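Remarks on the overall topology
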Protein chains: 2
Amino acid sequence: MSNYRLRGRLWIEGPEGTFLGYGRVVLLERIREHGSISAAARSMEMSYRHAWKLVDSMNRQSLQPVVEKVTGGKGGGGAKLTDSGEKAVDCFWSAYRDYKTFLSERSQQLEL
Amino acid sequence: MSNYRLRGRLWIEGPEGTFLGYGRVVLLERIREHGSISAAARSMEMSYRHAWKLVDSMNRQSLQPVVEKVTGGKGGGGAKLTDSGEKAVDCFWSAYRDYKTFLSERSQQLEL
DNA sequence: AAGCGTAATGTTTGGCAGGATATAACGAAA
DNA sequence: TTTCGTTATATCCTGCCAAACATTACGCTT
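One structure accompanies this document, and this report is about it. (Residues numbered from 1 in each chain as written. Chains lettered and ligands numbered in written order. Predicted model: local features only at pLDDT ≥ 70, side-chain atom pairs only at ≥ 80, totals over all residues. Heavy atoms only, no water.)

1. A few points about the overall build of chain A
When its secondary structure is counted, chain A shows four helices and four strands. When the helices and strands of chain A are read in sequence order from the N terminus, they spell out β-β-α-α-α-β-β-α. In terms of overall size, chain A is more extended than a compact globule, its C-alpha atoms giving a radius of gyration of 17 Å where 112 residues would be expected to give roughly 13 Å. Each principal axis of the C-alpha atoms in chain A carries an extent, and together these give about 60 × 30 × 20 Å. Burial analysis of chain A (112 residues in total) assigns 46% to the buried set. (Helix = DSSP H or I, 4+ residues; strand = E, 2+ residues; numbered from the N terminus. Rg over C-alpha atoms; globule rule 2.2 N^0.38 Å. Buried < 20%, exposed > 50% of the residue type's maximum accessible area, 1.4 Å probe, protein only.)

Next up, the structure:
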């Protein structure tokens, strides 16, 4: 067995650059779990501002928004993952799994 | 056809982190072409310092050095790609080709 | 009307990777 | 012994991006 292994990063590119990546998808799942961008950000030690920008970027690049947001109101508002968001999450994880498989298999064939 | 496509980065990881990546391999090829680290760096608008560090990192992580260096002497010295370096370059490009193919094929299957 | 916690957005700060700069060591060739 | 362009290495400088901080808007609840 070799000292070396193949590694990489994967993302889905949209009109404005990155649409979905590992961190973005985890953020979406946290939003689903916590019901707000701010709670999701806190839960993963990300600044609210950064989280908000990521959500904004994803929504801008998606025909249907991935996250629906309510500002003001009971509890100050919140955010929820849309059906389109769920689909995006699934789509990314599916590609991510295949990608991990590829890296793992191709790693064995490294000749050095 | 979708507005989205899969993109990624690929590298070969060694004991100290990145061993070979796209930029590093191009640097190795430039060294083969120009016969010195400094000329190679100039040719790709990379600082000598940066290029030197990359070569040093690759050599440290390889059983056999990928680049042999001569300091002083005719023309001030120089550097050449070793057989081991050639093999490393080939190995990376081979994996890179497969990676590109994977990304391209998997991109078509994106459902969003 | 006041309070609450969130969304939304602007401004400032800080960390650090890489570039720029400087200088020494090197050794063949003239 | 001088010259030359390279390798080798330390130190300073800078541009960028994320984090930190600050503020406003919002609308339901009480």
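Don't stop here, the text continues.
2. So, the interface of chain A and chain B
How large an interface is tends to be reported as the accessible area lost when its parts come together. Taken together, the contact pairs 30 residues of chain A with 30 residues of chain B. In this assembly, chain A packs against chain B so that about 2600 Å² is buried in total across both faces, 65% of it on carbon and sulfur atoms. On the surface where chain A and chain B come into contact, there are four salt bridges. Arg106 of chain B serves as the salt-bridge partner of Asp98 of chain A, at 2.6 Å between the closest nitrogen and oxygen. (Contact = heavy atoms within 4.5 Å. Buried area = accessible area lost by both parts, 1.4 Å probe. Salt bridge = Lys/Arg side-chain N within 4 Å of Asp/Glu carboxyl O.)

3. Let's talk about the side chain of Ser107 of chain B
As for its placement among the helices and strands, Ser107 of chain B is situated in helix 4 (residues 83-108). Beyond its immediate stretch of four places on either side in the chain, Ser107 of chain B contacts Arg5 and Leu6 of chain B.

Worth remembering: the numbers are spatial, not functional.
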